[in-house]
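Report on the structure
In case you want the letters, here they are:
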Amino acid sequence: MGSQKRIAKELAELVESPPEGIVVKLADESNLYTWNVYMDGPEKSPYQNGKFLLNLSLPTEYPFKPPTVSFKTKIYHPNVTNDDKGSMCLGMLRADEWKPSSKILAVLQFARQLLAEPMPDDAVEGRIAEQFKNDHSRYEEVAKEWTRKYATL
Amino acid sequence: MSLSDLPWNHFDPINHFPTGQDSTSGFYPQHPHSSAFFDHGYSQLSNALYHPGSNFFFNMNTLSTAEMERFQKLSNEFQPDVQGPPVSTKQSSSVIAMEYANADPTFATKTNALAITHPLTRTMKGDGNCGWRAVAFGYFENLLNLQNLMQVDHELARIRALNALLNQTVQEEHLYEIFVDATEDVFNQIYDAIRNGIRDETFLVNAFNQEYSSSAIITHFRLLTSAWMKRHPSRYEAFLSMPLEQYCATRIDVVRTEIDEIGLQALVDGVIEGSGFAVEIMYLDRSEGETVTPHLLTPPPATGGTICLLYRPGHYDLLYPAEPTVNMEPVVNYQYAMTSDYAPWDQGALAFDVNSSLMTIPNLMMDPSFGMDPSPMPAAPPSPYRVSPPQEVYQPPPMHASPPMSIASPPPAPPRMSAPPPPMSSLPPRSSDGPQIRLNPLVMKPNLSHSLPVTTPFKNSSPYNQAHFQNQDFEPIHWEPSDSRK
């Protein structure tokens, strides 16, 4: 089916020329729909030097529905749920903003950009968002600590 | 994101409520698709927002932030609860009239008239894609109806050539090729169907009811529309309330955003018009008048075929105009065909006597023009009782599918017009009714007068139309020959 054809091509492109700070591979070689994404924390962010594992899951209706992205590595971030799901859902990842002509590369770059520039106004973790806005240095401190604790090999 | 950025497209109908108009119950009928769409959307919202005696829109500003957020969340999570297949089979338009039977009288009158002028309809699921789906399906259905392989080839080539547009906007082929593939697959199915003499459109309905191919085709058409708009910004920009790029990104490119007037015009301009098919919208609203308001989006068709849309606020369906002939058994059509030349018979009956030698040849004398006029039918005598072009007279209703004969949806396609007259031999064997050819004008007369109503300018108001009578609230429409049709 067309969906697999497209996913295969997008995967090939990402493996062939990986974007900065992002490495992808299939979680299971026999399943095109679940990817492991290894993301380097962006420089000049509290996530710098961290290696984050993300799970990218493609719906069977892809590309008519957006992929879902979740952090498997614990992360202190206003836009990532602070639970074992680590889910992230905003911007182009939302079903009503998703375009079938968007590509996975853009999704991954969007996710990494979000590490560099959180969007506290669209937060899922209100407390972290408050801190991000009102006590930024404390936010950075905790985020760095979590990065060291959970995202360093 | 603020409330002003609400994705209104989800419940577009609200935008169409005239100012000061509240949600009178029964204003919109219980429609299985479309009104479930707006009833649901509207009621859900109105439950939250509508305070009796106050105006929803004016009250927005006074709402607290918490309330605003709640509504925002409601609207974000809103999913219309719609039933039924994405594309239904053809059904009688009396269904629409029935839905409105207890609604505002304007709707009742208009839908009753609509069931006569457009006896068949095809319902599109109100899932946010209905307008896109209606146009795309109508396009392919017209192509199938033309039964012209060259035309299919030509259209396929034309649509493929539009990839050049996509290269400019989507840029990478692998991001759009699967959508184009799905569209091409439908072209191939149409090609095969025509080659095998299949006129039945069930395979098309199936293709559009299959989630993947349906989404892919609609996405293809969306991408083409968006690319077309970006290529011709000056034609659309002035009508948009936001920058064109943003409009395309939020209203065209995203899945399940209902098409609006500008998007529809762009879709027609960029994708459909090149086919020569016309696109006509019948607006069903509470405006003055007794019939729906037609609006042609294209120049009159060059190659035949019309995609006829029924628009109700927030929803599109397909309509099929009445066939120029009455849906009757073919044998009746013979008589009808003869009526086109009834005047000379009536006046002198000489034609028959003169040609008496020919009368013995089966199949021949049925067409009184045989041997006199190379056209399929003789030119009708100027008469106030005739409006349909002679060619149309021969069109059997689609249900009598007789493969060798070309049936074009009205108006007739040039290929048909230039083709030789439909072979009479393709009609049911004459032998059974051969002796019944009542060539004696004295015998013919009563029949002629009976068939006269179908040749009036109001050919669509055929009393033979079932839809006409099925509605309990049916009220006869009084036609005056001096009235001009609206």
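About the cut-offs
- Residues numbered from 1 in each chain as written.
- Chains lettered and ligands numbered in written order.
- Predicted model: local features only at pLDDT ≥ 70, side-chain atom pairs only at ≥ 80, totals over all residues.
- Helix = DSSP H or I, 4+ residues; strand = E, 2+ residues; numbered from the N terminus.
- Contact = placed C-beta atoms within 7 Å.
- Buried ≥ 20, exposed ≤ 12 C-beta atoms within 10 Å, placed from the backbone.
- Pairing = 2+ DSSP bridges.
- Axes fitted to C-alpha atoms, helices over the stretch in contact; angles between N-to-C directions.
- Parallel < 35°, antiparallel > 145°, perpendicular 65-115°, else oblique.
- Nonpolar A, V, L, I, M, F, W, Y, C, P; charged D, E, K, R; others polar.
- Expected span 1.5 Å × (residues − 1).
- Arc of directions from axis to C-beta.
- pLDDT = per-residue confidence, 0-100.

Considering the overall build of chain B
Within chain B, the secondary structure is distributed over 23 helices and six strands. Taking the intrachain contacts of chain B between residues at least 6 apart in sequence as the baseline, contacts between residues at least 24 apart amount to 75%.

Notes on the overall build of chain A
Summing up its helical and strand segments, chain A has four helices and five strands in all. Starting at the N terminus, the α and β elements of chain A follow one another as α-β-β-β-β-β-α-α-α. A buried classification covers 35% of the 153 residues belonging to chain A. Residue pairs at least 24 apart in sequence account for 51% of intrachain contacts in chain A once pairs closer than 6 positions are excluded.

A word on the pairing of strand 2 (residues 120-124) of chain B
All names here are of chain B. Burial analysis of strand 2 places four of its five residues in the buried class, which makes it a mostly covered element. Alignment of strand 2 against strand 6 (residues 315-320), held across three bridges, turns out to be antiparallel. Across the sheet, Thr121 pairs through a bridge with Leu319, a residue of strand 6.

Some points on the packing of helix 7 (residues 130-146) of chain B against helix 12 (residues 211-231) of chain B
All names here are of chain B. Put simply, helix 7 and helix 12 touch, their axes get as near as 10 Å, and they point 95 degrees apart. With respect to helix 12, the axis of helix 7 lies roughly perpendicular. Judged by residue contacts, Trp132, Arg133 and Ala136 of helix 7 engage Ile217, Ile218, Phe221 and Arg222 from helix 12.

Some remarks on the sheet that holds strand 6 of chain B
Remark on secondary structure: sheet strands pair via backbone hydrogen bonds, oriented parallel or antiparallel. Residues and elements named next belong to chain B. Read from one edge of the open sheet, six strands run 1-2-6-5-3-4, paired in mixed fashion. On the outer flanks of this sheet lie strand 1 (87-92) and strand 4 (293-296), each paired with one strand and no other. Sheet twist, expressed as the mean angle between neighbouring strand axes with direction ignored, is 30 degrees. As paired elements, strand 5 (residues 306-312) and strand 6 share five bridges and run antiparallel to each other. The partner of Arg312 across the bridge, within strand 6, is His315.

Some points on the sheet that holds strand 1 (residues 22-28) of chain A
Residue and element names in this part refer to chain A. Reading across the sheet, the five strands line up as 1-2-3-4-5 and stay open at both edges, with antiparallel pairing between neighbours. Both edges of this open sheet fall to strand 1 and strand 5 (87-88), since each of them pairs with a single strand only. Summarising the sheet, strand 4 (residues 68-71) and strand 5 pair through two bridges and their orientation is antiparallel. Within strand 5, the position partnered with Val69 by the bridge is Met88.

A look at unusual backbone geometry
Residue and element names in this part refer to chain A. Look at the link from Tyr62 to Pro63: it is a cis peptide, with omega at 5 degrees. Within the secondary structure, Pro63 is located in the loop between strand 3 (51-57) and strand 4. Even without being a glycine, Lys44 presents a positive backbone phi close to 60 degrees. Checked against the element boundaries, Lys44 lands in the loop between strand 2 (31-40) and strand 3. By the C-beta count within 10 Å, which is 8 here, Lys44 ends up exposed.

Side note on the interface of chain B and chain A
Every contact between the two is made by 17 residues of chain B and, on the other side, 13 residues of chain A. Mapped by element, the contributors of at least two residues to the side of chain B that touches chain A are helix 10 (173-195) and helix 12 of chain B. If one sorts the elements of the side of chain B that touches chain A by residue count, helix 10 of chain B sits on top with six residues. Of the residues belonging to the side of chain B that touches chain A, the class tally is eleven nonpolar, four polar and two charged.

Remarks on the environment of Asp269 of chain B
All names here are of chain B. In this structure, Asp269 sits in helix 15 (residues 261-272). The partly exposed category is assigned to Asp269, around which 19 C-beta atoms lie within 10 Å. Expressed as a C-alpha distance, the spacing of Asp269 and Met229, which sit 40 residues apart in the sequence, is 9.3 Å.

A look at helix 8 (residues 149-161) of chain B
All names here are of chain B. A rise of 1.5 Å per residue sets the reference length of helix 8, with its 13 residues, at 18 Å; its end C-alpha atoms lie 18 Å apart and thus fit the reference within 8%. Taken together, the buried positions of helix 8 are Gln151, Val152, Glu155 and Ile159. Within helix 8, the buried residues cover an arc of 100 degrees as seen down the axis, which keeps them to one side. Along helix 8, the residues that are exposed and aim more than 90 degrees away from the buried face are Leu149, Met150, Asp153, Ala157 and Ala161. The secondary structure elements touched by the buried residues of helix 8 are helix 7 and helix 10.

Some points on helix 3 (residues 126-134) of chain A
All names here are of chain A. All of the buried residues in helix 3 are Ile128, Ala129, Gln131 and Phe132. The arc that holds the buried residues of helix 3, viewed along the axis, is 160 degrees, so those residues lie on one side. Those residues of helix 3 that are exposed and aimed more than 90 degrees away from the buried face are Gly126, Arg127 and Asn134. At its buried positions, helix 3 is contacted by helix 4 (136-150).

Focus: the environment of Asp181 of chain B
As for its position among the elements, Asp181 of chain B is in helix 10. Between the C-alpha atoms of Asp181 of chain B and Ser213 of chain B, which are 32 residues apart in sequence, the distance is 9.2 Å.

A word on the environment of Asp192 of chain B
Residues and elements named next belong to chain B. Position of Asp192 among the secondary structure elements: in helix 10. For Asp192, a count of 12 C-beta atoms within 10 Å gives the class exposed. Taking C-alpha positions, Asp192 is 9.1 Å from Leu149, a pair spaced 43 residues apart along the chain.

A few points about the confidence of the model for chain B
Residues and elements named next belong to chain B. For chain B, per-residue confidence averages 70 on the pLDDT scale, and 52% of positions sit at 70 or higher. Low pLDDT, under 50, characterises residues 1-58; the predicted model gives this stretch 78 contacts beyond four residues in sequence or across chains. Overall, residues 443-463 carries pLDDT values under 50, and its contacts beyond four positions in sequence, including any with other chains, amount to 35 contacts. The ipTM value of the predicted complex is 0.90, and its pTM value is 0.65.

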